[in-house]
Amino acid sequence: MNKNTKIKVRNRSNASVGYTIPDLSNLRRTYAANEVKEVTFEELQKLSYRPGGGYLLQHYLVIENIEAREEILGAVELEYAYTEKDIEKLLMYGSMDELLDCLDFAPTGV
């Protein structure tokens, strides 16, 4: 993937999430609760190398582009990309097995 490709990233939590990347001119980015921003693939790569950056990407921020997500995080569980609407649908219409899978395998923010 090209390092300048723009990727949508969503903060899945109800709190603000932020990070700094010194390699990109001390870039500092803060996401408000549920905010979506477009960032470069290079920024996501560099974030994944920072201490705690991979954890943020796995548990609090959602990489919306599947190709970028797989390149940076590898394979993730289906529940990784759940939105609030997906969770509501699961609670209203999902099976008990689907709910238990979500509770077992979903990232912290879900």
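(A) Quick look at helix H3 (residues 66-73). Turning to H3, its buried residues are Ala 68, Arg 69, Ile 72 and Leu 73. For H3, the angular spread of the buried residues around the axis is 100 degrees, confining them to a single face. Looking at the buried residues of H3, the elements they touch are strand E1 (6-11), helix H1 (41-49), helix H2 (53-59) and strand E5 (61-63). The N-cap residue of H3 is Asn 65: its side-chain oxygen and the backbone nitrogen of Glu 67 are 3.0 Å apart. Once H3 ends, the next one or two residues include Gly 74, with phi positive near 80 degrees.

(B) Spotlight on the pattern of salt bridges. According to the stated counting rule, one finds 3 salt bridges in the structure shown. Here Glu 35 and Lys 37 are joined by a salt bridge, their closest N and O atoms 3.6 Å apart. Residue Glu 35 is classed as partly exposed on the basis of its relative accessible area, which comes to 26%.

(C) Inspection of a negative patch on the surface at higher detail. Together, Glu 77, Asp 97, Glu 98, Asp 101 and Asp 104 line one region of the surface with negative charge. If you trace the backbone, Asp 97 turns up in helix H5 (residues 96-105). With relative accessibility at 57%, the residue Asp 97 sits in the exposed group.

(D) Main features of the pairing of strand E3 (residues 27-31). Pairing of strand E2 (residues 17-21) with E3, which is carried by 5 bridges, proceeds in the antiparallel orientation. Each bridged residue has a counterpart across the sheet, and for Gly 18 the counterpart in E3 is Thr 30. Hairpin remark: E2 followed by E3, antiparallel, with 5 residues in the connecting loop; positive phi at Ser 25, about 55 degrees.

Rules used throughout
Residues numbered from 1 in each chain as written. Predicted model: local features only at pLDDT ≥ 70, side-chain atom pairs only at ≥ 80, totals over all residues. Heavy atoms only, no water. Buried < 20%, exposed > 50% of the residue type's maximum accessible area, 1.4 Å probe, protein only. Helix = DSSP H or I, 4+ residues; strand = E, 2+ residues; numbered from the N terminus. Arc of directions from axis to C-beta. Contact = heavy atoms within 4.5 Å. Polar contact = N/O pair within 3.5 Å; in protein donor to acceptor, adjacent residues only side chain to side chain. Salt bridge = Lys/Arg side-chain N within 4 Å of Asp/Glu carboxyl O. Patch = residues over 30% accessible without salt bridge, like charges linked within 9 Å, V, L, I, M, F, W, Y side chains within 5 Å. Areas by Shrake-Rupley, 256 points an atom, 1.4 Å probe, with all protein chains shown as cover. Lys, Arg positive; Asp, Glu negative; His and termini not counted. Charge placed at Lys NZ, Arg CZ, Asp CG, Glu CD. Pairing = 2+ DSSP bridges.

Any functional reading would require information that these geometric values do not contain.
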